[in-house]
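The chain contents come next:
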Amino acid sequence: MRRTIGWMTAALCAPAAWGATVDCGHLLDVKAGRWRENVRLTVESGHFAAVAPAADGGADVDLRALWCLPGLIDMHVHLTDQTKDQAHSFRDTVQRNLWDQAYESTGFAERTLLAGFTTVRDLGAEGALNVSLKHAIEQGWVRGPRMLTAGIAIGSTGGHADPTDGYKHEFAKAGGPADGVIDSVDDARKAVRARYKEGADLIKVMVTGGVLDLSASGDNAQLTEEEIRAIVATAKDYGFRVAVHAHGAEGMKRAIRAGVDSVEHGTYMDDEAMRLFRQKGTWYVPTLSAGRFCVEKAKLPDYFPAIIRPKALAIGPLMAGTFARAWKAGVKVAFGTDTGVSPHGENAKEFAYLAEAGMPAIEAIRAATLNAAELLRAGEKLGSVEPGYAADLIAVDGDALADVTRLQHVAFVMKAGSVVKTP
């Protein structure tokens, strides 16, 4: 690095007409799937203004010894929480206030950004806290990635989104659409409108059971197709895309037929579901990191409550195999981890899990850049290093196409032209 971090940050944040410059020894062209050598990037007003051959030094930021890539995108995170063992989870339930959680989330956001993830899709938070975190990042009060948020997730009474599952009768209040709990087509419409009111960017729906709630099934269908269709139709009225949590095949097939944009997890995906994915162009977000984490912790005697352990041990081991079959079958894949289940800042472990299941490194990186940007409707703004794109850049010490685990050790991060991490 040629100059101090303070000088660089000021130069790259400022919308100077002359433009700050960054020299990359190697720059990944994610569209072509190859490295370009000795490239100079010009940054103006938070965007790449030019991508050209480098001169002989003299750039404001010197990354000639490193390998540069576009900023990474994680399509499934929960930045406002992180899984804890059952003793600490119970303590948080009865003692932690939402504003305590808000302060904790600022550290999770910064950790994610410093790991090289400059954009995330946050798919559900208590009290729509993720919407407030997004605003804090946009105002510059907190360091974190660019966020698109789902506010409060939507599901059925007793389903994976019901916040009082497992509570004693006195505390298990009947939730309503404002809480994300629905039981009819009318409720479905109201719940989408409530998310619009709270400032969400998209809709998250729990169409099947899940692992980490205190109910018996991890995969049963929990919404009717009519309810899902009502959610999707109302979401389109408000310009929302719809992501659905689904482990079970029946629930995900209902959701795909109803026109959702992405299916998260997809554990019990069968051949019919894969055909529907291809037919409808629905995106699949595998979240292998969450499966790995839950299996690891379920083997400990006291980490999860008894009702969760068998669900984790049944679902987690299947996720990589499902992904391998879906990828080979031509299902479209976008990168997502469900981080918040697994620890924040370890998002890039997902690349290794995808590679172990048979996805080439370049395709895994495209899943976290080009594909994710397309799912976000931001394919002309994010996911590539080209003129006009947001100046999101990371750098690692080595060829990530030869060894994708290098993405777990990011040395440099720039978000929207602002340098936030240097070697």
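Check the entry above for the structure.
Residues numbered from 1 in each chain as written. Predicted model: local features only at pLDDT ≥ 70, side-chain atom pairs only at ≥ 80, totals over all residues. Heavy atoms only, no water.

J.: Before we go on, may I ask you to explain the sheet that holds strand β12 (residues 262-265) in this structure?
T.: Within a beta sheet, neighbouring strands are joined by backbone hydrogen bonds and run either parallel or antiparallel to one another. Taking strand neighbours across the sheet as the criterion, the four strands line up as β10-β11-β12-β13 in an open arrangement whose pairing is parallel. Each edge of the open sheet carries a strand with a single partner, namely β10 (203-206) and β13 (283-285). Neighbour to neighbour, the strand axes of the sheet diverge by 25 degrees on average, direction disregarded. The sheet contact formed by β12 and β13 spans three bridges and is parallel. Of the residues in β13, the one forming a bridge with E264 is V285. (Pairing = 2+ DSSP bridges. Helix = DSSP H or I, 4+ residues; strand = E, 2+ residues; numbered from the N terminus. Axes fitted to C-alpha atoms, helices over the stretch in contact; angles between N-to-C directions.)

J.: Before we go on, may I ask you to explain the sheet that holds strand β6 (residues 117-122) in this structure?
T.: Read from one edge of the open sheet, three strands run β5-β6-β7, paired in parallel fashion. Edge strands, defined here as strands with exactly one partner in the open sheet, are β5 (72-77) and β7 (146-149). Here the strands of the sheet are splayed against their neighbours by 15 degrees on average, with no regard to which way each runs. Pairing analysis gives four bridges linking β5 to β6, with the strands arranged parallel. Residue D74 lies in a different strand from β6, and its bridge partner there is V120.

J.: In this structure, what is going on with the pattern of salt bridges? I would like to understand it.
T.: Two side chains with opposite charge may pair up if their charged atoms get near one another. The full count for this structure, using the stated rule, is 29 salt bridges. Put simply, D81 and R96 hold a salt bridge, and the shortest N to O gap is 3.4 Å. With D81 in the loop between β5 and α2 (86-95) and R96 in the loop between α2 and α3 (98-114), this residue pair connects regions lying 15 residues apart in the sequence. Ionic pairing is found between R292 and E356, a salt bridge with its closest N-O pair at 2.4 Å. (Salt bridge = Lys/Arg side-chain N within 4 Å of Asp/Glu carboxyl O.)

J.: In this structure, what is going on with the pairing of strand β16 (residues 418-421)? I would like to understand it.
T.: A regular strand places its side chains so that they alternate between the two faces of the sheet. The pairing of strand β15 (residues 410-415) with β16 spans three bridges and is antiparallel. Bridge pairing in β16 places M414 opposite V419. Connecting β15 to the next strand, β16, in antiparallel fashion are two residues, including A416 with a positive phi near 50 degrees.

J.: Even after reading the chapter, I still don't get the layout of surface pockets, so can you show me in this structure?
T.: In this approach, a probe sized like a water molecule rolls over the atoms, and the result shows the empty space that is left. Put simply, the second largest pocket is a space of about 400 Å³. In terms of lining, the second largest pocket is formed by 22 residues, of which the most central are E138, P145, R146, M147 and K415. Put simply, the parts of the chain that give the lining of the second largest pocket at least two residues each are α4 (129-138) and β7. In terms of residue class, the lining of the second largest pocket is made up of 11 nonpolar, four polar and seven charged. (1 Å grid on protein atoms, 1.4 Å probe; cavity = no way out; pocket = protein on both sides within 12 Å on 5 of 7 lines; lining within 4 Å. Points joined across faces, edges and corners; volume = space filled by probe spheres on them. Nonpolar A, V, L, I, M, F, W, Y, C, P; charged D, E, K, R; others polar.)

J.: Quick question: what am I supposed to make of unusual backbone geometry here?
T.: Apart from glycine, the bulk of residues carry a negative phi angle, and the bulk of peptide bonds sit in the trans form. Look at T287: it is not a glycine, yet its phi comes out positive at around 55 degrees. Residue placement: T287 occurs in the loop between β13 and α9 (288-298). Here T287 falls in the buried class, since its relative accessible area comes to 0%. Phi at A416 takes a positive value of approximately 50 degrees, unusual for a residue other than glycine. By secondary structure assignment, the location of A416 is in the loop between β15 and β16. (Buried < 20%, exposed > 50% of the residue type's maximum accessible area, 1.4 Å probe, protein only.)

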